[in-house]
Amino acid sequence: SKVSFVDLAGSERLKRTGAEGQRMREGIQINKGLLALGNVINALADEDAIKRNAHVSYRESKLTRLLQDALGGNSQTLFIACVSPAESNVS
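Here's what I pulled together on the structure shown here. (Residues numbered from 1 in each chain as written. Predicted model: local features only at pLDDT ≥ 70, side-chain atom pairs only at ≥ 80, totals over all residues. Heavy atoms only, no water.)

Thoughts on the overall build of the protein
Helix and strand counts for the protein come out as 5 helices and 0 strands. When the helices and strands of the protein are listed from N to C terminus, the series reads α-α-α-α-α. Here the C-alpha atoms of the protein give a radius of gyration of 15 Å, more than 25% beyond the 12 Å that 2.2 N^0.38 yields for 91 residues. In terms of overall dimensions, the protein has a C-alpha envelope of 45 × 30 × 30 Å along the principal axes. Considering only contacts in the protein between residues 6 or more positions apart, those separated by 24 or more positions represent 46%. (Helix = DSSP H or I, 4+ residues; strand = E, 2+ residues; numbered from the N terminus. Rg over C-alpha atoms; globule rule 2.2 N^0.38 Å. Contact = heavy atoms within 4.5 Å.)

Digging into the side chain of Thr 64
You can see Thr 64 is positioned in helix α4 (residues 62-66). A distance of 2.5 Å separates a polar atom in the side chain of Thr 64 from the backbone oxygen of Tyr 58. Not counting residues within four places of it along the chain, the set of residues in contact with Thr 64 comprises Ala 36, Leu 37, Val 40, Ser 57, Tyr 58 and Arg 59. (Polar contact = N/O pair within 3.5 Å; in protein donor to acceptor, adjacent residues only side chain to side chain.)

Observations regarding the nonpolar core
Within the largest apolar cluster, 7 residues are counted, these being Leu 37, Val 40, Val 56, Tyr 58, Leu 63, Leu 67 and Leu 71. For Val 40, the contacting residues outside a window of four places in its chain are Val 56, Ser 57, Tyr 58, Thr 64 and Leu 71. (Core = buried A, V, L, I, M, F, W, Y, C linked by side-chain atoms within 4.5 Å. Buried < 20%, exposed > 50% of the residue type's maximum accessible area, 1.4 Å probe, protein only.)

With respect to the side chain of Ser 61
Tracing the backbone shows Ser 61 in the loop between α3 (47-51) and α4. Of the residues examined, Ser 61 reaches a relative accessible area of 10% and is grouped as buried. If near-sequence neighbours (up to four positions away) are discounted, Ser 61 is found in contact with Gly 33 and Ala 36.

Re the environment of Asn 53
Here Asn 53 is to be found in the loop between α3 and α4. Of the residues examined, Asn 53 reaches a relative accessible area of 70% and is grouped as exposed. A C-alpha to C-alpha distance of 17 Å links Asn 53 and Gln 68, two positions 15 residues apart in sequence.

So, in structure tokens, the structure goes:
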């Protein structure tokens, strides 16, 4: 039995944060990790892809590699999202 607790940082909008240098690079990496996680979840939820036994790309980011056991296979996963209703967060 394995339990994983992961605190995911929010998506970084570089124009809004005005980040530069190292902080900008960190924001880019956060966004890449969240995009990879979204891609893995979409691939796992796609019934047609499951029927075709399509490849799920867990190797796209460190985050998805760490969560591979929790996302795929015989596991139960709970996601809790804290979403701000602020107008500035709407794309």
